Amino acid sequence: MAGAAVAKMERDQKRRAGKGETQKQGSFMRLIFGIFPLLVIPVVLYNLMAMAFGGPVQGVDASGQLLQAQAAPMANLLNERFLGLPMISGVEWVLSKGDAIVLLAVIFLFLEILKSTSTGTATIVNHGISLLIFILCLVQFLLMPNFATSTFFILTAMTLLDVLAGVIVTIVSARRDFGVAGDV
């Protein structure tokens, strides 16, 4: 039985080797896609917005008094209109910039969970990088004023869910792939 499996693996390797350079390029892109956590995209987008347009936490009023902002300067930018669509009911549905970032992150979280069903080395590296992204988001949320918003908190929670769901799904699919009994 084991000899048949080894022979099948050798046949598959020879078949893949015969496909040439296009197979190698496809494998490289698949590897990069497997390693790259997609939730980096909305986190980087938020970081770019916070660094470029966030605004200061402290300011000076007309009398020279130092004023401390009570809310994150980024909050006003996140609440700005991103998209508006007229509805059949007669009202307009408005999507804010913060909501658009969260929607993008939800889509990427779904794709990350789908990617975590594989059991390869790239998936394990992906989970490690996702954990680093979660730690970075948590530090930014706790320490940096422009990151103390509900939008960034939801992004941080999504990065945590990505790590937890990815590890759990990978373990479950690995148990299935290796045929481990359910009582282990």
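Source: prediction; values computed, not measured.

### A short note on the environment of Gly54
Positionally, Gly54 belongs in the loop between α3 (40–53) and β1 (58–60). Judged by relative accessible area, Gly54 falls into the buried class, the value being 4%.

### Some thoughts on α3
With 14 residues, α3 should cover 20 Å at 1.5 Å per step; its first-to-last C-alpha distance of 19 Å lies within 8% of that length. Regarding α3, the residues found buried are Val40, Pro42, Val43, Tyr46, Asn47, Met49 and Ala50.

### What about the UniProt feature "transmembrane region" (unreviewed entry) in the protein?
UniProt annotation of "transmembrane region" (unreviewed entry) refers to residues 31–53, 93–111, 123–144 and 150–172 when read in the numbering used here. End-to-end, the C-alpha atoms of residues 123–144 are 31 Å apart, and along that stretch the chain is 95% helix and 0% strand. Taken end to end, residues 150–172 has its terminal C-alpha atoms 32 Å apart, with 100% of it in helix and 0% in strand.

### Quick word on the confidence of the model for the protein
The predicted model of the protein has a mean per-residue pLDDT of 81, with 73% of residues at 70 or higher. Averaged over each element, pLDDT in the protein is lowest for helix α1 (residues 2–17) (59) and highest for strand β4 (residues 92–96) (95).

### Re the pattern of salt bridges
Counting across every chain of the model gives 3 salt bridges. As a salt-bridge pair, Glu92 and Arg81 come within 2.5 Å of each other at their nearest N and O atoms. Of this pair, Glu92 sits in strand β4 while Arg81 sits in strand β3 (residues 81–86), and the two are 11 residues apart along the sequence. For Glu92, a relative accessible area of 41% translates into the label partly exposed.

### Let's talk about the nonpolar core
One finds Tyr46 and Met74 to be the most contacted residues of the largest nonpolar core, which totals 21 residues. When residues of this core are traced back to their parent elements, those giving at least two are α3, α4 (74–78), α5 (97–115), α6 (121–143) and α7 (150–178).

### Description of the packing of aromatic side chains
As enumerated under the stated definition, the model contains 4 aromatic pairs in all. Judged by centre distance (4.8 Å) and plane angle (40°), the ring pair of Tyr46 and Phe152 falls under tilted. You can see Tyr46 sitting in helix α3 and its partner Phe152 sitting in helix α7, a full 106 residues away along the chain. For the pair Tyr46 and Phe152, a shared accessibility class is recorded, and that class is buried. Where Phe147 meets Phe152, the ring centres are 4.9 Å apart and the plane angle is 75°; that geometry is what we call edge-to-face. For the pair formed by Phe147 and Phe152, the shared burial category is buried. Each member of the aromatic cluster is reached from another via a ring pair, and the members are Tyr46, Phe147 and Phe152.

### Brief notes about the side chain of Asp162
Within the element layout of this structure, Asp162 appears in helix α7. Despite its burial, Asp162 pairs with no opposite charge, the nearest such side chain being Lys115 at 7.7 Å. Looking at Asp162, its side chain comes within polar contact range of the side chain of Ser130, at 3.0 Å.

Cut-offs and rules
Residues numbered from 1 in each chain as written. Predicted model: local features only at pLDDT ≥ 70, side-chain atom pairs only at ≥ 80, totals over all residues. Heavy atoms only, no water. Helix = DSSP H or I, 4+ residues; strand = E, 2+ residues; numbered from the N terminus. Buried < 20%, exposed > 50% of the residue type's maximum accessible area, 1.4 Å probe, protein only. Expected span 1.5 Å × (residues − 1). UniProt positions renumbered as here; feature names shortened; annotations may be inferred. pLDDT = per-residue confidence, 0-100. Salt bridge = Lys/Arg side-chain N within 4 Å of Asp/Glu carboxyl O. Core = buried A, V, L, I, M, F, W, Y, C linked by side-chain atoms within 4.5 Å. Phe/Tyr/Trp six-rings, centres within 6.5 Å; stacked < 30°, edge-to-face > 60°. Lys, Arg positive; Asp, Glu negative; His and termini not counted. Polar contact = N/O pair within 3.5 Å; in protein donor to acceptor, adjacent residues only side chain to side chain.

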